[in-house]
Structures are given as structure tokens and as C-alpha cells.
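# Structural overview
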Amino acid sequence: MRKLGLIAAASLFALPAFSTANAADDNGRVYYKEGTRLEFEDFDMKINLQVQSRFTYEDNDASGRNDVGLDGASDVTSFDLRRVRVNFTGNLLKKQFSYQVQNDFRSSNGGGDMKDAWLQWNSDEAKLRFGQTKIPFSRQELTSSSNLQFIDRSIVNDVFAPSRQIGALLHGPVGDGGTYYVGAFNGESEGEGRNKPGNDNNLLLVAAANMNIGDYGSRGMEGDLRAKNDEFGATVGVSTLYGQGTGDVLDTETPDDFDRFDLNVDLGARVAGFSAQSEFYYSTIDLDNVDGDAGEADLFGFYVQAGYMLDKEWEVAVRYAYLLPDEDISVVDDENEFNAVVNYYLNGHNLKLQTGVTFDQTNLNPDVADGDFTDFRFETQLAGYF
């Protein structure tokens, strides 16, 4: 297996040289522009490498946990490679089709982890995508990890956003600055999910739309790094999903059929180096065979963040996130996250040094265990996408 891996790696690095040697015959070219690009008459490819090297110190509130009867948590000092990814994107047949294949060599089990793998048919009115891709729910989840304003996404995004699944997605333009999305995915039954096929008839259905106002620029980037950022721009988006499945989705220790409905609304604005964005989340889950409050859950959460570019290289930003679980099924009453970060952009989001602190306060449900605890985290990260 190691020999096969070395052969595959050697072939990848030899590809640009091979393409250059044949460029004269195919009128193609190989060059670098925000990635290594190969362009031919009916085919093009962009290759990107993402590396995020991180140092983390966690001061976990062990005494606060012990006071409320929970197991303590040890402090952690750690170096880590948060992401090590290779991303292939491009078009074929004169851009009638597009594709993406992305793999992460950093995974919890020590092996590779496929993230995205899809083919897309393109027309002027709409684009139809099949494969594994991000579900269009939560703007922050849809923003690439290379383009985030903070070192990590907010706690509420981690709770509510379904991220990637295998399915079909139709999307296209609405007016001058809008986009719509309609999709169907395998869903969230036990045993389904990313890199897994469906195992029942239940699907996850999603619909979303967004609109830019003025000179907002890309929704796929956080902060205000526009070349000309003195013009005001705003954005608004809404997404909703509905799905049925089977599993222990509420941690009741009894797998059951369930229905879920989720709603997400996002707002954003940029002007003169200042940026602000916020998202609101709501989710309701109903177990089919459990009566009363024990079989139902309503979750709510939001975050708001703002940043300011001190000059073309330095940015400061703060964020607050709030999570409100259902008190009838959760030991947690609410959770509050406070973040502050200083960013040094050596080459925009493509190469940046980020240093931030996080305070995560958890208040417990007084009906279960009255009390709270607060964890502290310091992180610094050198992130490259090239």
C-alpha cells in the first residue's frame, strides 16, 4: 500500500510536467493563480493544497464540573494539524460540466477522509449537482474553512448544520444578486451520513435562497477584504430543511422514528473594512413513538460576529454565540461562547496567522444539576490555501 501511495503521489506531481510537454499539441497551458491550474480546450483543473497548523492550550474547568457531579476535564496543551487537504476543482466539455474532489489526509482515525466528490451539469438557468457535497444550510458551514474570520466555526453551527451528505442539488441565479437551492439527500437515519449510502426510504429535503444588496462581494468569505471596500454591501439568506429518519437522535437510549424541521436565517454587512454577520437557528425534532415532552425537542441558537481591518494586513474581530437546548431532554440549560481573534493576513485568506481566545460557559439545567462551568481556550494557527 505504501508503494502504491508513493506511485500515486509521484504521478500527481508529474502531471504538470506531462501536461506542459503536451501543451503545444493541445493548445493548453499550466500556470499558477490561486492554485495550480491546467487548462485545455475541453478540460480544466485547479489543484489546491490546504494546511492548517495549530497550537492549542485548553484550561478546562475541572472543579466546576466536580461541583455539579460531573467528571472533571484535564487541561490540554497540544500541537495539531487541523486540516491537510488536497482539492481538485474544474470543468469539462467546454464547461458544460463541473466537478470537485476533496480529500483530507488528517482524520481522527489516522487515515484519509473524503470530503467532497461531485459532478455538476451547467446551464444558463440552473446547475444540477450529484454526489457528496455540503447541504445548503448555514452560511458559516458553507464558507470554506480557509475563508473563516475565526479559527473555528461557532458552537451553534456545529450543533445545527448538517454539513455534507450524498444527494442531488439544483441551484441557480435569482435576479441580479440572488441564488436559490433545492436539494434531496440521504438523510440522518442511523448508519447514514457522509461517505455512507442511504439505507431506507427517508430523505432529507432542503430549500434555500439568498440575496446580496449593493457591493457585498462573496458570501463565501468572512470579513471585509475587498480591494475597494469603501462601498456599503449587505446580504440576507434563509434556508430550511425537513427530514425523517430512524435513530437515537435525542439520546434517549431508545432508537425511534423521528421527524425534524430546521430553519436558518443569516444577515451580513460590509463597509470600509468593517464587517458584521449573524445567523439564527431553530430546530424541532419529534419522536414518533414517544409521547409527551420526552419525545419532542426544540432547539434555538444564534451567533453574531464583527471585525475591523486596521489596515490591509491586520484585523481584529469578536463573536458571541448562544445555544438554548430543550430543557425537557437536556442536562444543559444554555451555553454561551465568547471569542476574540487577531488576524494577520500575509496573502488574504490564502495565507494568514490567527491568534484567538475562547470562553465557553455552560449553565446546567437546574432540574437536573444546578451549577455552571467555564472553559478557556487559547489558539494560534498558521493557515495556508495555495
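Criteria and thresholds
- Throughout this description, residue numbers start from 1 for each chain and increase along the sequence as written.
- Residue-level local features of this predicted model are given only where pLDDT is at least 70; pairs of side-chain atoms are given and counted only at 80 or more, and the full residue set underlies all totals for whole chains, interfaces and linings.
- The basis for the side-chain values is all heavy atoms of the structure; hydrogens and waters are excluded.
- Definition of nonpolar core: a set of buried residues of the types Ala, Val, Leu, Ile, Met, Phe, Trp, Tyr and Cys, connected through side-chain atoms within 4.5 Å.
- Relative accessibility under 20% of the residue-type maximum defines a buried residue, over 50% an exposed one, and the middle range a partly exposed one, all with a 1.4 Å probe and only protein chains included.
- A run of H or I in DSSP counts as a helix once it spans at least four residues, and a run of E counts as a strand once it spans at least two, with each numbered from the N terminus.
- You can read pLDDT as the predictor saying how much it trusts each residue, on a scale of 0 to 100.
- Two residues form a contact once any of their heavy atoms are found within 4.5 Å.
- Criterion for a salt bridge: a side-chain nitrogen of Lys or Arg within 4 Å of a carboxyl oxygen of Asp or Glu.
- Each pair of aromatic rings taken from Phe, Tyr and Trp, with Trp reduced to its six-membered ring, is defined by centres within 6.5 Å and is described as stacked if the planes are under 30 degrees apart, edge-to-face if over 60, and tilted in the remaining cases.
- To sit over a ring, a charge needs its Lys NZ or Arg CZ within 6 Å of the ring centre and within 35 degrees of the ring normal.

Ranked by size, the top nonpolar core spans 20 residues in total, and within it Ile 135, Val 156, Phe 160, Phe 185 and Tyr 281 carry the most contacts. For this core, the secondary structure elements donating two or more residues are α4 (155–160), β10 (204–214), β13 (274–287), β14 (296–309) and β15 (314–324). Counting six residues, the second largest nonpolar core, distinct from the first, contains Met 45, Ile 47, Val 86 and Tyr 99.

With that out of the way, let us pick up the confidence of the model for the chain. Across the chain, pLDDT averages 90, with 92% of residues at or above 70. Per-residue pLDDT stays below 50 along residues 1–24; that stretch engages in ten contacts with residues further than four places along the chain or on separate chains.

Right, let's talk about the pattern of salt bridges for a bit. Where charged atoms of side chains with opposite charge meet at close range, the side chains can pair. Throughout the structure, instances matching the rule amount to 17 salt bridges. Asp 215 is paired through a salt bridge with Arg 226; the nearest N and O atoms lie 3.7 Å apart. Of the two residues, Asp 215 is situated in the loop between β10 and β11 (233–247) and Arg 226 in the loop between β10 and β11; the sequence distance between them amounts to eleven residues. Counted as one network, the salt bridges with shared partners bring together Arg 54, Asp 152, Arg 377 and Glu 379.

As a further point, take the packing of aromatic side chains. Summed over all chains, the structure comprises ten aromatic pairs. For the pair Phe 160 and Tyr 281, a centre-to-centre distance of 5.2 Å together with 20° between the ring planes defines the contact as stacked. Of this pair, Phe 160 sits in helix α4 while Tyr 281 sits in strand β13, placing them 121 residues apart in sequence. Pairing Tyr 320 with Phe 338 gives two aromatic rings, centres 5.1 Å apart and planes at 40°, and the pair type is tilted. With Tyr 320 in strand β15 and Phe 338 in strand β16 (residues 332–345), this residue pair connects regions lying 18 residues apart in the sequence. In textbook terms, an aromatic cluster arises when at least three aromatic residues are bridged by ring pairs, as seen for Phe 280, Phe 300, Phe 302, Tyr 320, Tyr 322 and Phe 338. We note Arg 29 situated over the ring of Tyr 31; from NZ or CZ to the ring centre the distance is 4.1 Å. The ring of Phe 150 is capped by Arg 319, whose NZ or CZ atom sits 4.4 Å from the centre of that ring.

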